[in-house]
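Fold and contact review
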Amino acid sequence: LDYQHVQVPFEITLWIMLASLAKIGFHLYNKLPSVVPESCLLIFVGLIMGGIIYGLNDRSPPVMDSDIFFLYLLPPIVLDAGYFMPSRPFFENIGTILLYAVVGTIWNVFGIGFSLYGICQVKAFRLQDVSLLHNLLFGSLIAAVDPVAVLAVFEEIHVNEKLHILVFGESLLNDAVTVVLYKLFRSFCEMPAIKSVDVFAGVGKFFVVGLGGVLVGLTFGLTAAFTTRFTKDIRVIEPLFVFLYSYLSYLTAEMFHLSGIVAIIACAMGMKRYVEANISLKSHTTVKYFMKMWSSVSDTLIFIFLGVSTIGENHEWNWPYICFTVIFCLIWRALGVLVLTFFVNRFHVNTITSKDQFIIAYGGLRGAICFSLVFLLPDFHRKKLFIAATTVVILFTVFIQGTTIRPLVDLLAVKRKRESAPTVGEQIHIRFLDHLLAGIEDISGHWGQYYWKDKLEYFNSKYLQKILLREYDQPKSSIVLLYEKLERKHAIELAEAGQLGHAPSHPSLLRSGFLCSNKKIVITDKKLEDTLNPDVLENIQEILARNLYRIRRTGPAYNRHTLPGETEPVEHAKEILILRHKSL
Amino acid sequence: MGSRASTLLRDEEIEEIKKETGFSHSQITRLYSRFTSLDKGENGTLRSGGNQCACLLLYLLISKMRILKHMTRINMCLLHREDFQRIPELAINPLGDRIINAFFPEGEDQVNFRGFMRTLAHFRPIEDNEKSKDQNGPEPLNSRSNKLHFAFRLYDLDKDDKISRDELLQVLRMMVGVNISDEQLGSIADRTIQEADQDGDSAISFAEFVKSAARFQKEM
């Protein structure tokens, strides 16, 4: 038995296998994922595993190595998030997102740090020796909202697109702030005396870290786009370039002590458009599938390891400190969101309602990033206290906040009263007016708010496209362009399906179409009076509700589990395009 | 490009548009920027020289001598249907064609900035301070009933002030998925007319339309 020889890869594969089997297990029982978010279940599995290992070996199970987390587990998730991030709502709300990410995080850090320091002063808790600097350091790592946890939970509660992008964008971009503050306080801990010049250096460092990360990311992204221009003859390795360049951007940024997360996001967003135009369709699908797969595996592994690492002797359970940490995290986040939203609403037409504010505040989940950062702390005698507090905060946010956020959202949503069902005519006219308003908004460029976007488009079409795209065509009418894309993908499918509009054989059309036409609505020669029949009316309303095209996108476009291009709004868009092209 | 746009658009014009449509100064300049960006053409090249000369003369005559280097990017101040069709979100809007047609006056193929603004004025977002204005003045262009009138005109292609069954069918066909048969659509149209029709002419007049759309609260 030559176990030593294969031990490392064998164990890694076993862990990944365990993670994937656990995922299958959850989805076999359909009701479970809707009640308890997947992340909770995974942590639970991890806890069990940790308990087993502890019982067998009688010593602490292997703690998740911070290096493994930061270098191998985190990048795929962030890459997936950045690549599929819907850029229009992201850039529309970029001001708000940055405000929450930067100012909000700083507010939280100092708030939590100082209030915990205040708690430490109380003699009864035996915490005198935790200095202010230590508290600030702890604050800096616990304050940041975690993208992995937020993604996992928000997926299942179906909030509107804008809210989703706000919390999610914030969780991604606050990495820059976290990195700077964490490193700053850590270096302060080791310095004998702190001068004010150091503080200013810290502030300047923040800009360097953030903007430097963006620059590194964009450089790699545009290089990737340029490389794919020449890959026409070696289609097979095209997907590899996407992953290599993104990973390189992450590692390079980390090497220079810049923000790796911001870099990889900038890389993904920068290269997406050009790479997708250059690479073949099959490579494109491969890229999408691999990204989803890797990020899924990473995500699962992270939560399981979180559970495993909780068991063991790494903790010092000083309950007052821990409880106050949890309380302060909640309070300061809520306060921060309230104050910042007040400012945001002064400047924007689209206000953030109080229900939205509640979700933003309550959805500030902490996750594995805090956990890894706390393990990276230098060894000092109170480190175990911090580890314990971090663990409890993470478990609290993921379990309690994650599980209860959905019922709370539903509860709040129910408060908006549903009026009596609209009549058929109203349904149609209202949808008509919705489409009209949406169209006018698009024509006006959202009332001229697209100023910078238009400038960027101009720059793009004049210079970037010529360099980065392999085939640069004249810009044709959008309908023609999009239709050509469609044609390439679905020519065969459409031919097999026969004439469009008669016998739909596309699977999604089948499900809804035949189902309702089989509902024996005797339509053919009904006289006018018969349509007063309530059954017929109900059927008509059902048909309309199911078949009227929705306006643009009202739900989040980013979904962890499905690929873009397979969701229902896209199907509708394709149908509309085909119809309009026929009429051209 | 914002400052360049405002030098191309004369102050007097801005005032006139402001009076006619109610947009604010900054809104007008931003929308002009949007108007010109829609008219980018193939490579942002210059359009036919004739119009360029005319604009140049007018510019010189009426305004003060401003910096003429802005003129190298002057666009022909007109939009065509293709320019609208280039907007990607509009391409997947079921009513895209009709909305585009609403911008072009009867029988014409191009629209200038004034016409563009006039149409958009119907949907100008209502500011907070307007809600409390006096009811005595002329009804603003973006009042609820004017918006509904605009929508009604999109339904009513033959302009007889009535939405007939055929017109309704056409619109329904555009708005609904491919897996509804013609018979089902016909019955839906019949039902709609039946619900709304009060004077028994099997068509929907504007008053009946307004009543049906009474529930449409939103930004109106």
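Residues numbered from 1 in each chain as written. Chains lettered and ligands numbered in written order. Predicted model: local features only at pLDDT ≥ 70, side-chain atom pairs only at ≥ 80, totals over all residues. Heavy atoms only, no water.

Rules: UniProt positions are given in the numbering used here, feature names are shortened, and annotations may be inferred rather than shown by experiment.
As recorded by an unreviewed UniProt entry, chain A carries the name Sodium/hydrogen exchanger and is attributed to Calonectris borealis. Of the comments in the UniProt record for chain A, the one headed Subcellular location (unreviewed entry) reads "Basolateral cell membrane".

**Concerning the overall build of chain A**
Formally: Under the DSSP-based scheme used, a helix requires at least four consecutive residues in state H or I and a strand at least two consecutive residues in state E, with every element numbered from the N terminus. Summary of the burial criterion: residues with accessible area below 20% of their type's maximum are buried, those above 50% are exposed, and those between are partly exposed, where the area comes from a 1.4 Å probe applied to protein chains only. Methods summary: accessible areas were calculated by the Shrake-Rupley approach with a probe of 1.4 Å, and residue burial reflects only the protein chains presented.
Within chain A one finds 24 helices and zero strands. Across the 584 residues of chain A, 51% fall into the buried class. Carbon and sulfur atoms form 66% of the exposed surface of chain A, whose accessible area is close to 28300 Å².

**Quick word on the packing of helix 9 (residues 161–190) of chain A against helix 15 (residues 354–362) of chain A**
Residues and elements named next belong to chain A. Threshold: Axis definition: a line fit to C-alpha positions, over the contact stretch in the case of helices; interaxial angles, taken between N-to-C directions, run 0 to 180 degrees. Just so you know how the angles are binned, under 35 degrees is roughly parallel, over 145 roughly antiparallel, 65 to 115 roughly perpendicular, and the rest oblique. With the far helix as reference, a near helix turned anticlockwise by less than a right angle produces a left-handed crossing, and one turned clockwise produces a right-handed crossing. By the convention used here, residues are in contact when the closest approach between their heavy atoms is within 4.5 Å.
Relative to each other, helix 9 and helix 15 sit at 30 degrees, their axes nearing to 10 Å. Between helix 9 and helix 15, the crossing angle belongs to the class labelled roughly parallel. At the point where helix 9 passes helix 15, the crossing takes the right-handed sense. Of the residues in helix 15, those in contact with Leu163, Leu166 and Val167 of helix 9 are Asp356, Ile359 and Ile360.

**A look at the side chain of Ser39 of chain A**
With respect to the element layout, Ser39 of chain A can be found in helix 3 (residues 38–57). Filtering out sequence-adjacent residues up to four positions away, Ser39 of chain A remains in contact with Ala152, Val153, Phe303 and Val398 of chain A.

**Details of the packing of helix 4 (residues 66–83) of chain A against helix 12 (residues 260–278) of chain A**
Residue and element names in this part refer to chain A. Note the threshold: When residues are grouped by polarity, Ala, Val, Leu, Ile, Met, Phe, Trp, Tyr, Cys and Pro land in nonpolar, Asp, Glu, Lys and Arg in charged, and all others, Gly among them, in polar.
Contact geometry of helix 4 with helix 12 gives a least axis separation of 8 Å together with a crossing angle of 45 degrees. The angle between helix 4 and helix 12 falls in the class oblique. The hand of the helix 4/helix 12 crossing is right-handed. Facing helix 4, whose interface residues are Leu74, Pro75, Val78, Leu79, Gly82 and Tyr83, helix 12 presents Ile261, Ile264, Ile265, Ala268, Met269, Lys272 and Glu276. Residues belonging to the contact of helix 4 with helix 12 are distributed by class as follows: 10 nonpolar, one polar and two charged.

**Details of the confidence of the model for chain A**
Residues and elements named next belong to chain A. Note the following rule: How sure the predictor is of each residue is captured by pLDDT, a score from 0 to 100.
In the predicted model, chain A carries a mean pLDDT of 77, and 78% of its residues have values of at least 70. Per-element mean pLDDT across chain A ranges from 33 in helix 22 (residues 507–517) up to 92 in helix 11 (residues 238–255). Low pLDDT, under 50, characterises residues 494–532; the predicted model gives this stretch 43 contacts beyond four residues in sequence or across chains.

**Overview of unusual backbone geometry**
Where the residue is not glycine, phi is negative for most of them; where a peptide bond is considered, it is trans in most cases. Residues and elements named next belong to chain B. Positive phi, normally seen in glycine, also occurs at Lys159, with a value near 60 degrees. By the element assignment, Lys159 lies in the loop between helix 9 (144–155) and strand 3 (162–163). You will see that Ser202, though not glycine, has its phi angle at about 55 degrees, which is positive. With respect to the element layout, Ser202 can be found in the loop between helix 11 (182–196) and strand 4 (204–205).

**Observations regarding helix 6 (residues 94–121) of chain A**
Given 3.6 residues to a turn, an α-helix orients residues that are three or four positions apart in the same direction. Here is the rule: Here, expected helix span is obtained from the residue count minus one, scaled by 1.5 Å. A residue's bend is given by the angle between axes fitted to the 7 residues ending at it and the 7 residues starting at it.
Along its 28 residues, helix 6 of chain A runs 40 Å from first to last C-alpha, staying within 8% of the 40 Å computed at 1.5 Å per residue. At Gly104 of chain A, helix 6 of chain A is deflected by roughly 25 degrees, the largest bend along its length.

**Quick notes on the layout of surface pockets**
Residue and element names in this part refer to chain A. What counts, and what does not: Lining residues are defined by having an atom within 4 Å of a point belonging to a cavity or pocket. Those points lie on a 1 Å grid over the protein atoms alone, cavities being sets where a 1.4 Å probe fits but cannot get out and pockets being open sets with protein on both sides within 12 Å along at least five of seven lines. Grid points are joined across faces, edges and corners, and a volume is the space filled by probe spheres set on the points.
Counted as a void, the second largest pocket has a volume near 1000 Å³. Ile12, Ile68, Tyr72, Leu73 and Leu301 are the residues nearest the centre of the second largest pocket, which is lined by 33 residues in total. Examining the composition of the lining of the second largest pocket, we find that nine residues originate from one element, helix 1 (residues 3–28), more than from any other. Considering only residue class, the lining of the second largest pocket consists of 28 nonpolar, three polar and two charged.

**Some details on the pattern of salt bridges**
All names here are of chain B. Stated precisely, the cut-off is as follows: Salt bridge criterion: a side-chain nitrogen from Lys or Arg within 4 Å of a carboxyl oxygen from Asp or Glu.
For the structure shown, the criterion picks out nine salt bridges over all chains. The closest approach of N and O atoms between Glu20 and Arg118, which form a salt bridge, is 2.5 Å. A residue pair is termed long-range when its members are at least 10 positions apart, and Glu20 in helix 2 (residues 11–21) and Arg118 in helix 8 (residues 113–121) qualify at 98 residues. Note that Asp201 is salt-bridged to Lys162, the shortest N-O span being 3.8 Å. With a gap of 39 residues between them, Asp201 in the loop between helix 11 and strand 4 and Lys162 in strand 3 connect regions that are remote in the sequence.

**Things to note about the side chain of Ser296 of chain A**
Residue and element names in this part refer to chain A. Filter applied, for reference: Between N or O atoms, a polar contact is any pair within 3.5 Å; within protein, one atom must be a potential hydrogen donor and the other a potential acceptor, and residues adjacent in sequence are included only when both atoms are from side chains.
Within the element layout of this structure, Ser296 appears in helix 13 (residues 281–310). A relative accessible area of 16% means that Ser296 is categorised as buried. In this structure the side chain of Ser296 is engaged in a polar contact, spanning 3.2 Å, whose partner is the side chain of Lys23.

**Some words on the nonpolar core**
Residue and element names in this part refer to chain A. Defined as follows: What is meant by a nonpolar core is a set of buried Ala, Val, Leu, Ile, Met, Phe, Trp, Tyr and Cys residues, joined one to another through side-chain atoms within 4.5 Å. Domain delimitation in this document rests on an assignment produced automatically or drawn from a domain database.
Core analysis: the biggest nonpolar cluster contains 138 residues, and Leu74 and Tyr321 have the highest contact counts within it. Per-element accounting of this core gives the leading share, 16 residues, to helix 9. When residues of this core are assigned to domains, at least three map to each of domain 1 (3–412) and domain 2 (424–473). If near-sequence neighbours (up to four positions away) are discounted, Tyr321 is found in contact with Leu116, Cys120, Leu127, Asn135, Phe138, Leu385, Phe386 and Ala389.

**Concerning a nonpolar patch on the surface**
Residue and element names in this part refer to chain A. What counts, and what does not: Within the patch definition used here, like charges are joined within 9 Å and nonpolar side chains (Val, Leu, Ile, Met, Phe, Trp, Tyr) within 5 Å, considering only residues with over 30% relative accessible area and no salt bridge.
A cluster of nonpolar residues, Trp107, Ile327, Leu330, Ile331, Leu335, Leu338, Val339, Phe342 and Phe343, forms a patch on the protein surface that exposes about 770 Å² of accessible area. Sorting elements by how many residues they give to the nonpolar patch places helix 14 (residues 319–347) first, with eight residues. Inspection of the secondary structure puts Leu335 in helix 14.

**A few points about the environment of Ile163 of chain B**
Residue and element names in this part refer to chain B. The residue Ile163 is located in strand 3 in this model. Taking the relative accessible area as the measure of exposure, Ile163 reaches 0% and is therefore buried. Separated by 46 residues in the primary sequence, Ile163 and Phe209 have C-alpha atoms spaced 8.9 Å apart. Leave out the neighbours within four places in its chain, and Ile163 touches Phe152, Tyr155, Leu168, Ala203, Ile204 and Phe209.

**What to know about the packing of aromatic side chains**
Residues and elements named next belong to chain A. Keep this limit in mind: Centre distance within 6.5 Å is the pairing criterion for rings of Phe, Tyr and Trp, where only the six-membered ring of Trp is used; planes under 30 degrees apart are then read as stacked, over 60 as edge-to-face, and the remainder as tilted.
As enumerated under the stated definition, the model contains 37 aromatic pairs over all chains in all. Each ring, one from Phe110 and one from Phe185, has its centre 6.2 Å from the other, and the planes form 80 degrees; the classification is edge-to-face. Placement of Phe110 in helix 6 and of Phe185 in helix 9 is noted, with a sequence separation of 75 residues between them. Accessibility expressed as a relative area gives 31% for Phe110, which makes it partly exposed. According to the relative accessible area criterion, Phe185 is buried, its value standing at 5%. Seen from their ring centres, Phe241 and Tyr245 are 6.4 Å apart, and the 35 degrees between their planes marks the pair as tilted. In this pair, Phe241 and Tyr245 are both assigned in helix 11, four residues apart and thus about one turn of the helix distant. Each member of the pair, Phe241 together with Tyr245, is buried.

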